[in-house]
Amino acid sequence: MENIKHTLTTNTGLSFEVQLGPPASIRSFFVFSLHKAGSTLLNEMLNEVCQQLAIPIFSPEYEEFRNGAMLGTLDDSVCERFVPGGYCFAGFRAFPKYLEQFDLTSYKKILLIRDPRDMIVSHYFSQKLSHELPTGELGATLQAIRSSLNQKTIDQYALESAAEVRNKFVQYQQAVFDGNLKLYRYEDVIF
């Protein structure tokens, strides 16, 4: 079976094409995490497992990043890609706005979390020092963030970021906590 082509659009007017592999004979499922909660390691593990099992992965955030779009700007039409069978929907590092009206109750879900204090410290240093910047509007935004972090101490950044990180935890709690959720901690993945 051939790959399936889809066009994704952002609420800023950008559109780009993605290709999804043919669906596997499984119920689709979602994998969520947070920035600096072990999401990259989790996604690498998922990629290996899903590749071995011939389960195609669709990561809207990866596609946004790869195409230079600002993260979280896909419009609601992306939800048409979340079909009940055949796919792993992964790569989420925050609960996206377009899923707020999507019914996730019948889907199995994984959520990877980490102590928010550790997330904030890790995020500060990775944004400031280590991540390669993408092209386009996203790259320009991340460069501006990097420049502003050079003017802040870790303590200032932590105090400024605490409410936002808390809100991300609350969003997940409200959106995905049900009988179909399996919760993992950062330490579960690392160790």
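Positions within a chain are numbered from 1, following the residues in the order the chain's sequence is written. Given that the model is predicted, a residue must reach a pLDDT of at least 70 before its local features are reported, and side-chain atom pairs must reach 80 or more before they are shown or counted; all residues, however, enter totals for whole chains, interfaces and linings. Values shown for side chains rest on all heavy atoms present in the structure; no hydrogens or waters enter the calculation.

Peer 1: Where do I start with the side chain of H123 in this structure?
Peer 2: Strands are runs of DSSP state E lasting at least 2 residues, helices are runs of H or I lasting at least 4, and numbering of each runs from the N terminus. Structurally, H123 is set in helix α3 (residues 116-130). Exposed residues in this analysis have more than 50% of their type's maximum accessible area, buried residues have under 20%, and partly exposed residues fall in between, with area computed by a 1.4 Å probe over protein chains only. Residue H123 is classed as buried on the basis of its relative accessible area of 18%. Sequence-distant contacts of H123, that is, excluding residues within four places in its chain, are made with H35, K36 and Y157. Contacts: residue pairs with any heavy atoms within 4.5 Å of one another.

Peer 1: I would appreciate a short explanation of helix α5 (residues 154-176) in the present structure.
Peer 2: Side chains of residues three or four places apart in an α-helix project in the same direction, reflecting 3.6 residues per turn. Helices are assigned an expected span. That span is 1.5 Å times one less than the residue count. The terminal C-alpha atoms of α5, which comprises 23 residues, lie 31 Å apart, in line with the 33 Å expected from a rise of 1.5 Å per residue. The largest bend in α5 comes to about 40°, at S161. Residues of α5 that are buried: Y157, S161, V165, Y172 and V176. Residues of α5 that are buried sit in contact with β3 (29-32), β5 (88-92), β6 (108-113), α3, α4 (136-149) and β7 (181-185). Two axes enter the definition of the bend at a residue: one is fitted to the seven residues ending there, the other to the seven starting there, and the bend is the angle between them.

Peer 1: Would you mind going over the pattern of salt bridges with me for this structure?
Peer 2: Side chains carrying opposite charge are able to pair once their charged atoms draw close together. The salt bridge definition used is simple: a Lys or Arg side-chain nitrogen within 4 Å of an Asp or Glu carboxyl oxygen. Within this structure, the stated rule accounts for 9 salt bridges. A salt bridge links E187 to R185; its shortest N-O distance comes to 3.7 Å. Taken together, the shared-partner salt bridges connect R185, E187 and D188 into one network.

Peer 1: Would you explain the sheet that holds β6 in this entry?
Peer 2: Where strands meet in a sheet, backbone hydrogen bonds hold them as pairs that are either parallel or antiparallel. The criterion for strand pairing is that DSSP finds at least two bridges linking the strands in question. Strand order in this open sheet of 5 strands is β4-β5-β3-β6-β7, and the pairing throughout is parallel. Strands with a single pairing partner mark the edges of an open sheet, and in this sheet they are β4 (57-58) and β7. Alignment of β3 against β6, held across 4 bridges, turns out to be parallel. If you follow F29 over to β6, its bridge partner there is K108. To obtain an axis, a line is fitted to C-alpha atoms, over the contacting stretch when the element is a helix, and the angle between two such axes runs from 0 to 180 degrees between their N-to-C directions. Those strands touched by helix α1 (residues 39-52) are β3, β4, β5 and β6, and its axis lies near 160° from that of β5. With respect to the sheet, α5 is in contact with β3, β5, β6 and β7, its orientation differing from that of β6 by roughly 160°.

Bear in mind that shape data such as this cannot, by itself, settle questions of function.
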